[in-house]
Number of protein chains: 2
Amino acid sequence: MSQNESGISEVTVEVPMNIALVKYWGKRDEKLILPLNDSISLTVDKLTARTTIRMIQGVGKHTVEINDEKVELSSNKRYQTVFDEALRLQRKRKEDSNGNENRSVSHHFEVISTTNFPVAAGLASSAAGFAAIALAIQQLLNLDDIQANRLARIGSGSACRSMSGGLVHWKKGEKDDGSDCVAVKTKDDNWTDLYCVILVFNDGRKKVGSSEGMRWTRETSTLLKHRIEKVVPERIDLIKKAYATRNFEDLARVIMADSNQFHAVCLDTIPPIRYLNESSWQLIETVEKFNQPEIKAAYTFDAGPNACVIVQKKDVSKFINALIRDIQINTDDLETLPEEFRSIEYQKDDRTENNFVCSKLVVSSMGSGPEICTPSKNLELI
Amino acid sequence: MSQNESGISEVTVEVPMNIALVKYWGKRDEKLILPLNDSISLTVDKLTARTTIRMIQGVGKHTVEINDEKVELSSNKRYQTVFDEALRLQRKRKEDSNGNENRSVSHHFEVISTTNFPVAAGLASSAAGFAAIALAIQQLLNLDDIQANRLARIGSGSACRSMSGGLVHWKKGEKDDGSDCVAVKTKDDNWTDLYCVILVFNDGRKKVGSSEGMRWTRETSTLLKHRIEKVVPERIDLIKKAYATRNFEDLARVIMADSNQFHAVCLDTIPPIRYLNESSWQLIETVEKFNQPEIKAAYTFDAGPNACVIVQKKDVSKFINALIRDIQINTDDLETLPEEFRSIEYQKDDRTENNFVCSKLVVSSMGSGPEICTPSKNLELI
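For clarity, every value in this text was computed on a predicted model and none was experimentally measured.

### Topic: the relation of the copies chain A and chain B
Between the two copies, chain A and chain B, the superposition gives an RMSD of 0.0 Å; the rotation angle is 180° and the shift along the axis is 0.0 Å. Within this description, the copies of the chain are treated as partners about a two-fold rotation axis. It is Ala264 of chain A whose C-alpha, among those of chain A, lies nearest the rotation axis, at 2.1 Å. An overlap of 100% is found between the interface residues of chain A and their copies at the interface of chain B, pointing to a shared contact surface.

Printed below as a string of C-alpha cells:
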C-alpha cells in the first residue's frame, strides 16, 4: 500500500478463482449472502484477477473497470454494497480510535481489474474479482480477516473462498448477522500434487444466473433440504479427510458425486434448470473411461457447461491424451500448458471427428493463495 | 376363452401401455419386483399390445412371438418366471378342488403378441405386453385380480398398472411376499378429457436399462431415500385429489415435478444416468412457453428421451401448433391423429429450422382399460 500526499491510497493484489469440491447452492439470507450449506474449495492458480484499488479522499463516484471496460455500477449493485460496507468499517475504526472525529471525511474508490481469462467464458470470474477487491480494501483499511471475508462474500458469495490458499472451508454459520459465516483454510498443508484441467464449452444457450437459480431451487426443490441437512455435512468431512490423508480416490468420488447432486437439485427445480450440455456429458463419459480400472480424475461443473477436471500431476498428460481422443481440443492450447507438461508429445493423431468442441483448455496447479503485489508486476495472459 | 377337444385353451386380449404420473424407480425386492415406492398412472388408449395365448396340454416348450419375431426365452427369463407362476397357480387350484389329482398333467404356453407401435421406439411396450399375458392367463385359469396383478408384475413391474383403466395406483405394499403389492384403479370415474401427445425422439445413445439403472440409483443415490419416504407419498395424494376434482393445473404441476425428480435421482446416481436429450429439453421449453400464462400441458419422461405430454381435449390442437413451431414433426403423423383432431388446419407454415426431430407423433385419449377380445378383431396400426 502506498499513500501519496493528495490523500490517495493504492494497492494491487492478485487473486485466484476457486472451484468448489462440495457445491454452494442456495442462500439462507439473500442480503448478507449467507449460504444454506457449507462448501469447500481449492483455488486455480493460473486463473486470476489482478486488481488495483485506489481509495481517494473526498466526495466522488466510485468507478470500476474490468478488462478495460467500465462497469455500470447502477446495474451492478453489489459493488456499491461492498464500497458502502468498506467505508462503514473505515468510519467505525476511526470512531473507535479517535472518538467522533473524521466522521465527515468521505472517500471513494477506483478499481481497475484485469482477469487473465475471458470473463465471458463463465469461469466464475466474479468470485476472483470480488475477492481481489476485498483483499485490497483489507490492505488499505487494515481490516481483520473476518471483516475482509465478509466484504468478499457480500460482493459474491463464493468470493470468500478465494481469500486464502489450500483447502478452504466456507462455513455457513448459524447466526443471523452472518458473523460466524466465514471461509477458513483447513490446517493441512497444500496438496501440491493436485492439478486441474479446465475445459470451456461455449454454447449459445441463455443461462439461468446462479442467484436466480439458487432462489428457484430453494423455493421449489423437495430434495434440496435433504441435501443441505444430511448429505453436505458428511461430504465436507469426507473431503477434509481424503485431503488430509492424500487419498485421491476418495476425494475424487465425493467431488463427482457432489457435482452431480448439485445438477440433480437444479433439475429438481420448478422450472427445471439445466447447466450441462452435450459436451459436458461427453466429458463425463471420457472421465469415466479414464477412471477404469482405477479413479484418476474427478470432474466437477459449476452453474454452466464448463468442466473442471482434477487430476494428480502424474496423470495430467495421460488425461490430456484421453481428452484429445474424445473432444475437439484447440491444439494451440497445448502450447500454453504449465511448463512441466509443455514438452510432452501429445497423441494428436488420435483426434476423432465429433461435435464436442472445447474452445479453451487450461491446465493449472491448485491451492495457491492470493498475493499482494504492489508494486505492480505483469500478469501473464493465458 | 375357448377350449377345443385337443386340450388347447386360447384367449385374445388387448391391453394399453401406461404412463406413470408419479414414477416408479427402485425395487425393494428384485426377484418379486416389489417397488421402493408407490406410483400412479394412466393408460394410453391408442398404444396397445394385442396378445393371443394358447395353453396347450402336454409337455412342450413355451414359445413367445412378438411382432412376428420369436423371442429367445433363454435370454428373457421373465417369460419363464411368469409361465412357471401361472402353472403353479393352476396346479394349486386343481389341488384345492380335487385333492392331489391332475398333479402330473403339464401344460405349456404359446404367446403371439402384436404391438401397434414399434417396440424399438422405447414406449414401454413390455409393460403392455406382460399385462396382456397376465390378463390372458387370468382368463384361461380363472385367476383372481390379485393373482393376475402379481403375474403381470413379475413379468415387468409397471405392467400391473395396465391391468385396469382409469387412474391406477400401484401400492408398494409392506409385506415381504408382495401380497399387498397391487395396482388398483382409484374409485373416480375416468377423466375422459385427458389426452396425451407422445413424441418419439430417437437417438443413437446406448441407454442404461431401467432394471440396471434402478439398481444403481438404489445403491448410490443419497437423495432417493428422501424421495421415496417423503416426497412420493405426498405426490400420490396430490395426484389423486387433483384427478378427483378435475383440477388440471394441480395435476400438471405434480406430473412435471415428478418427472424432473425422477431424472434428478438418475443424475444423483454413480455413475450418473441421463435419459433426456437435447430434443427432450426443447420439448420441456416448448411446454413451458405453452404454459404461459396458465398451465395447459404437462410433460413426463420415462427412462428414455421420448416425451409424453398430457393436455385436455380442448388444448390438443393448440399444443400441436406449438410443437410444430419448435420441433420437426413428421406431418404425415397429423393424418393419423384421432378423428376429432384430424380435420383441423394445423399451422404447418410456422415450422422453423431446427435440429429437434420427432420421428413419431401419437395423440391418444387416456384411461381405457384392457379388453378381452376373443373372437379376434383387427388391431389398427398407427
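Back to the text.
### Quick look at the domain arrangement of chain A
Residues and elements named next belong to chain A. What the domain assignment lists for chain A is domain 1 (2-189) and domain 2 (194-365). Here domain 1 and domain 2 have C-alpha centroids that lie 27 Å from each other. Taken together, the contacts link 32 residues of domain 1 with 44 residues of domain 2. Among the residues domain 1 hides against domain 2, the three largest losses belong to Leu21, Lys23 and Trp25. Together they make up 27% of the total. Between the two partners, domain 1 and domain 2, sit 2 salt bridges. The salt bridge partner of Arg215 is Glu30, with a shortest N-O separation of 3.1 Å.

### Concerning empty space enclosed by the protein
Across all of its chains, the model carries 4 cavities of 30 Å³ or more by this definition. In this model, the largest cavity occupies a volume close to 200 Å³. Around the largest cavity sit 18 residues that line it, and Leu267, Arg274 and Trp281 of chain A together with Leu267 and Trp281 of chain B are the ones nearest its centre. Of all elements in the fold, only helix H6 (248-267) and helix H7 (278-290) of chain A together with helix H6 (248-267) and helix H7 (278-290) of chain B reach the threshold of two or more residues within the lining of the largest cavity. For the lining of the largest cavity, a count of residues per class yields 10 nonpolar, 4 polar and 4 charged.

### Thoughts on the sheet that holds strand S13 (residues 307-312) of chain B
Residues and elements named next belong to chain B. Spatial strand order, S12-S13-S11-S16: 4 strands in an open sheet with antiparallel pairing. Strand pairing shows two members of the sheet lacking a second neighbour, strand S12 (297-301) and strand S16 (360-365), which therefore form its edges. Between one strand axis and the next, the sheet turns through 20° on average, direction left out of account. Here strand S11 (residues 194-200) pairs with S16 via 6 bridges, running antiparallel. Of the residues in S16, the one forming a bridge with Cys196 is Ser364. Across the sheet, H6 lies against S11, S12 and S13, angled at about 25° from S12, the strand it touches most.

Cut-off values and rules
- Residues numbered from 1 in each chain as written.
- Chains lettered and ligands numbered in written order.
- Predicted model: local features only at pLDDT ≥ 70, side-chain atom pairs only at ≥ 80, totals over all residues.
- Heavy atoms only, no water.
- Least-squares fit on C-alpha atoms with pLDDT ≥ 70 in both.
- Contact = heavy atoms within 4.5 Å.
- Domains from an automatic or database assignment.
- Buried area = accessible area lost by both parts, 1.4 Å probe.
- Salt bridge = Lys/Arg side-chain N within 4 Å of Asp/Glu carboxyl O.
- 1 Å grid on protein atoms, 1.4 Å probe; cavity = no way out; pocket = protein on both sides within 12 Å on 5 of 7 lines; lining within 4 Å.
- Points joined across faces, edges and corners; volume = space filled by probe spheres on them.
- Helix = DSSP H or I, 4+ residues; strand = E, 2+ residues; numbered from the N terminus.
- Nonpolar A, V, L, I, M, F, W, Y, C, P; charged D, E, K, R; others polar.
- Pairing = 2+ DSSP bridges.
- Axes fitted to C-alpha atoms, helices over the stretch in contact; angles between N-to-C directions.

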